[in-house]
Amino acid sequence: MSSISMDVPILQINEYELQNLVRFIYKHEKLLKEFGGIKIQLNADCKLALKKRRKNMMSNPIPEQIVKMSSNELIYSIEKIDQNYDFTQYKATTTTTTTTTTNERNFWSSLSRSSDERRQVNISLLPNQSFFSQKQSRIYFDIHRLPQQSLLKLGGSKVTRQFVPCARRAHGPGAVFPLTSTKQGLFSIDYHHEGGVHHWYIIPISQREVLRKISDHKNSSICLEHGKLLIDPSVLDKHRIRYHRILQHPNEFVVLSAGTLAQSFTEDASWSESITFALPSWVQDYHASVVAPSCQCNISHDSSMNTIDSTMFRQELIQRYIDSYLDINTEEKSIALKGTPFS
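Predicted, not measured: the structure shown is a model, and the values here were computed from it.

Trainee: Help me understand the pairing of strand 3 (residues 37-42) in this model?
Mentor: In regular strands, side chains alternate between the two faces of the sheet. Counting buried positions over the six residues of strand 3 gives five, a clear majority of the element. Relative to strand 3, strand 2 (residues 10-13) runs parallel, the two being bridged by four bridges. Directly across from Ile 10, in strand 3, lies its bridge partner Lys 39. Relative to strand 13 (residues 252-256), strand 3 runs antiparallel, the two sharing five bridges. Counted as the bridge partner of Lys 39 is Val 254 from strand 13.

Trainee: Is there a simple way to explain the nonpolar core in this structure?
Mentor: General note: in soluble globular proteins, nonpolar side chains tend to be found buried as a group. Within the largest apolar cluster, 41 residues are counted, with the highest numbers of intra-cluster contacts made by Leu 21 and Trp 282. Sorting the residues of this core by element identifies strand 2, helix 2 (21-27), strand 3, strand 9 (187-195), strand 13, strand 15 (270-277), helix 10 (281-284) and helix 11 (315-326) as the ones contributing at least two each. Dropping the residues within four chain positions of it, Trp 282 is found in contact with Leu 151, Leu 152, Gln 184, Gly 185, Leu 186, Phe 187, Ala 258, His 287, Ala 288, Ile 308 and Phe 313.

Trainee: What should I look at first to understand empty space enclosed by the protein in this one?
Mentor: By rolling a water-sized probe across the atoms, one finds the places where empty space is left. Scanning all chains against the criterion turns up one cavity of 30 Å³ or more. Approximately 30 Å³ is the volume attributed to the largest cavity. Residue lining of the largest cavity: Leu 18, Gln 19, Leu 21, Tyr 140, Phe 141, Asp 142, Arg 145, Leu 146 and Gln 149, and that is the complete set. Its residues placed into classes, the lining of the largest cavity shows five nonpolar, two polar and two charged.

Trainee: Explain the side chain of Glu 273 to me, please; I cannot follow it from the model alone.
Mentor: Mapped onto the elements of the fold, Glu 273 is located in strand 15. Only 2.9 Å separates the side chain of Glu 273 from the backbone nitrogen of Phe 131, close enough to count as a polar contact. Within the local environment of Glu 273, its side chain forms a polar contact with the side chain of His 193, the two groups lying 2.7 Å apart.

Trainee: I would appreciate a short explanation of the pairing of strand 4 (residues 64-68) in the present structure.
Mentor: Alignment of strand 4 against strand 5 (residues 75-80), held across five bridges, turns out to be antiparallel. By the bridge assignment for strand 5, Ile 66 is matched with Ile 78. Between strand 4 and strand 5, which pair antiparallel and follow one another directly, the connecting turn spans six residues.

Trainee: Even after reading the chapter, I still don't get the confidence of the model for the chain, so can you show me in this structure?
Mentor: When pLDDT is low, close inspection of the predicted coordinates is not appropriate. Averaged over all residues, the pLDDT of the chain equals 85, while 80% of them reach at least 70. This model gives residues 92-99 a pLDDT under 50, and the stretch forms six contacts once residues within four places in sequence are excluded.

Trainee: Is there a simple way to think about the packing of aromatic side chains in this case?
Mentor: Geometry of an aromatic ring pair is reported as the spacing of the ring centres plus the angle between the planes. Under the criterion given, the structure shown has 12 aromatic pairs. Here the aromatic rings of Tyr 321 and Tyr 325 are separated by 5.5 Å at their centres, their planes lie at 35°, and the arrangement is tilted. Of this pair, Tyr 321 and Tyr 325 both sit in helix 11, four residues apart, which is roughly one turn of the helix. Owing to a relative accessible area of 2%, Tyr 321 belongs among the buried residues under this scheme. Here the aromatic residues Phe 107, Trp 108, Tyr 201 and Phe 265 are joined through ring pairs into a cluster of three or more.

Conventions we followed
Residues numbered from 1 in each chain as written. Predicted model: local features only at pLDDT ≥ 70, side-chain atom pairs only at ≥ 80, totals over all residues. Heavy atoms only, no water. Buried < 20%, exposed > 50% of the residue type's maximum accessible area, 1.4 Å probe, protein only. Helix = DSSP H or I, 4+ residues; strand = E, 2+ residues; numbered from the N terminus. Pairing = 2+ DSSP bridges. Core = buried A, V, L, I, M, F, W, Y, C linked by side-chain atoms within 4.5 Å. Contact = heavy atoms within 4.5 Å. 1 Å grid on protein atoms, 1.4 Å probe; cavity = no way out; pocket = protein on both sides within 12 Å on 5 of 7 lines; lining within 4 Å. Points joined across faces, edges and corners; volume = space filled by probe spheres on them. Nonpolar A, V, L, I, M, F, W, Y, C, P; charged D, E, K, R; others polar. Polar contact = N/O pair within 3.5 Å; in protein donor to acceptor, adjacent residues only side chain to side chain. pLDDT = per-residue confidence, 0-100. Phe/Tyr/Trp six-rings, centres within 6.5 Å; stacked < 30°, edge-to-face > 60°.

Listed below in structure tokens is the structure:
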């Protein structure tokens, strides 16, 4: 397939649909699978259960830097910074290197020309932190509910309690969220709370093996899944790898399909948060049972989440879940009943 880069579909969601966001995503899953991601914009009537005091989370940037892997290919590795590195010096350097990276062309151009070996990713990840309050009323959207609304509910609280939001902070312009995929190939959703626009690059699962072969050909031992790579889109074009762009503004969702690879950078400082969940296709398309390739990343984040036993999701239970929680006809009947005198 051609490596034509396209923006992903943009969907609008109303207050009622937001009350069961998983059902809404399931309804549009064909688009989600095709592009690897979708963007969802909220109508004015949507209500969010946001905390009133939202800026009391303190965090320092992850001590990782962006390093160009070779002189003839715009692929970058993400490497740890020496613990003895002077971060005061780093902050002064960052100010001068990122103030101009406020759009796509400037970002990739400045990165390719950069002689600064200490250019940091400039992000923080805060697992089990959220700007959403856990309200009982379904009128208000709360991101904590998504795992319980999804197929993961079949595993009971022992499974769903492992899935918690992760707050994500970009500390300034040109902050980088490197190439990643969710653990065990789950779906994910990201909500942009405030700050600069996020530029996403989405690589659908159908393109993963092509990208892996290119990485192997470059004799790279770095895996694709764990935030250790950043790839200039010109490399994807060169090797005819299909990918899709998303410009995510505040108050917008980005949903990623199972097995999708994604990377992004920010135009300015920002706050967002994400959580993983599952649709029936996570089991039916064998994402849940895929054995992750061995790597040398030794990642510590997400270590609290155990590998889910996919055998507990039997087909009869999956179908019952679909009929009870995701059936589109049931949803339409429910809406129609609300307009009758007996509802």
